[in-house]
Amino acid sequence: GESSARGALIVIFSSGEEDGLVGAHGLVTSHPWFSQVGFSVNLEAMGNGGPHRMFQATPGVLTSRFLRMWSEASRKPVGTVVASDVFSAGLIASDTDHRIFRDFGDVPGIDFAWVEHTQAYHTPRDTLSLVRPGTAQASGDNLLGFVRRFLREPPRMSGHLGGGVSKLRERGRYGKKQQGHAYVWFNPPHASSYVMSPLPGDGAERPVYAAAIFLAFQIVRGAFQTKTVPSRRDIFHVCVIVPLAIVGCGLATFAGPIVAAVIAPETARRAFGSPAPWASSPPLLVCLSTVPGAIASLLGFRALFVLLRRMKRRALREIADERAARRKKDDDANEIDEGSRGEGSRGEGSRGGLTAAGRVTADDSGEWTILAGTAAVFIVMAAKGIDAGVASSYLVLLPAASLFVLLARPAFGVFFSPERTGLGASPPSPTSVASALVVPLYVFFPVYGVLLDVMHGMTGRTRVPKTTAASRAFSEYTNDAVCGFVAGSICVFLSPMF
């Protein structure tokens, strides 16, 4: 029902977590108070310092109220829904009491953890000297502000009857097959609160797909070279250019993490003879994965650019040859008539009768096509993520929106001037592309850094189930491949600048 004037707080100190979460399970199944629990806040450690980062949150309206309360009342909330998606995907072989409260107790909640120096966690090197000064104080400040707000102004608890297995009507209501609305939540760098938004519902991906179709249409328009009825050459050009641009840009974009996922375990196997040679050296992980991934992505885009430029030059050369042949066959009357139109027409040479896109240089055309293809890949990724209900899609949606605005603005000029088309103007400068990606990269880099640090630290004590395809392919080097993929994922977000 509705909450009372003041909130009621139960503090739980559970044991037996490392032995199978048995302490939390005993509390959920046998303690008489648990039937009155309406929400859980679990404080964990997967490292030995830093801020307590929120990395799991159940979906639903009630959780959104507590999320907003934590965001407003805590001194400096930290966390992102990306961690929740990564954790639920099984990339990190670990678990917390939060799952017991959620799945067995049917209680929604949020989960926090320290994640710094994960590589030393549960090892003899896990000492107080590694704990960052101020760790406990920062966590206490956040928790104290939240508790004070909760006790003074508890959120409405409508829609939840309390925990306890005796009250379960639909087991796992907050479990893996959760009900209710999921939320996007993250803290931008240096922000003092979360950015929160409900995950868009059904149909929200349609305008995103429409944006990708618009960019594909710009590539189609750029493939037509002549103003006359499309020739077989132009139709063939379109049929080749559009799939080449989209598929080629997709392959070049994902070449980074894919190559990194292969190079990292193979280097560990052949050069070092044992898994995780970078266990004590994160820079070595970057050298063995991110650098080869970046080189692969660059080479992919370069090869695509050279191919597109060659096709453009060939098309223009064929047009020029066709016109030269027609002029030779013209009779004297046509030659006289052409001469009477003045030198202006002759001055166009082989460029007369071309579309605005046809008058673009081969280099500019290649750049336009690759930028449009890369933006379309980002937009399709964002749309697929929204359609699948993946809250982490915001990381892809931000650069997708920025690139679309950058490319669509000149493309819309065709509606106001037939001489100015999306592929008829000069492509955006490298500075413009970098400027469009400043905010997305500003949001992405901290997430990437923390995720890479956690995956690096978990390498030595994580085992991917043998039933997975990755485990069958890489055997004992599976986690090397996972770490390489994560390290190489930065290449995806840098691909528009590549």
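Refer to the preceding data block for the structure.
Draft legend 1. Broad picture of the packing of helix α2 (residues 61-73) against helix α5 (residues 135-152). As a packed pair, α2 and α5 sit with axes 8 Å apart at the nearest point and diverge in direction by 120 degrees. Taken together, the axis directions place α2 and α5 in an arrangement best described as oblique. Read as a crossing pair, α2 and α5 show a hand that is right-handed. Judged by residue contacts, F66, M69, W70, E72 and A73 of α2 engage N142, L143, G145, F146, R149 and F150 from α5. Of the residues assigned to the contact of α2 with α5, the class counts are seven nonpolar, two polar and two charged.

Draft legend 2. The arrangement of unusual backbone geometry in detail. Positive phi is not limited to glycine here, since D106 has a value of about 55 degrees. Within the element layout of this structure, D106 appears in the loop between α4 (97-104) and β4 (109-114). Given the relative accessible area of 3%, D106 is considered buried. Unlike most non-glycine residues, H190 shows phi in positive territory, near 70 degrees.

Draft legend 3. Geometry of the packing of helix α14 (residues 438-458) against helix α16 (residues 478-488). Where α14 meets α16, the axes come as close as 10 Å, and the angle between the chain directions of the two elements is 165 degrees. In terms of axis orientation, α14 runs roughly antiparallel to α16. Regarding α14 and α16, the two cross each other, and that crossing is left-handed. In this structure, α14 uses Y448, L451, L452, M455 and H456 to contact α16, whose residues at the interface are V482, C483, V486 and A487. Of the residues that constitute the contact of α14 with α16, the class distribution is eight nonpolar, one polar and no charged.

Reading the values: rules and limits
Residues numbered from 1 in each chain as written. Predicted model: local features only at pLDDT ≥ 70, side-chain atom pairs only at ≥ 80, totals over all residues. Heavy atoms only, no water. Axes fitted to C-alpha atoms, helices over the stretch in contact; angles between N-to-C directions. Helix = DSSP H or I, 4+ residues; strand = E, 2+ residues; numbered from the N terminus. Parallel < 35°, antiparallel > 145°, perpendicular 65-115°, else oblique. Left-handed = near helix turned anticlockwise from the far one by under 90°. Contact = heavy atoms within 4.5 Å. Nonpolar A, V, L, I, M, F, W, Y, C, P; charged D, E, K, R; others polar. Buried < 20%, exposed > 50% of the residue type's maximum accessible area, 1.4 Å probe, protein only.

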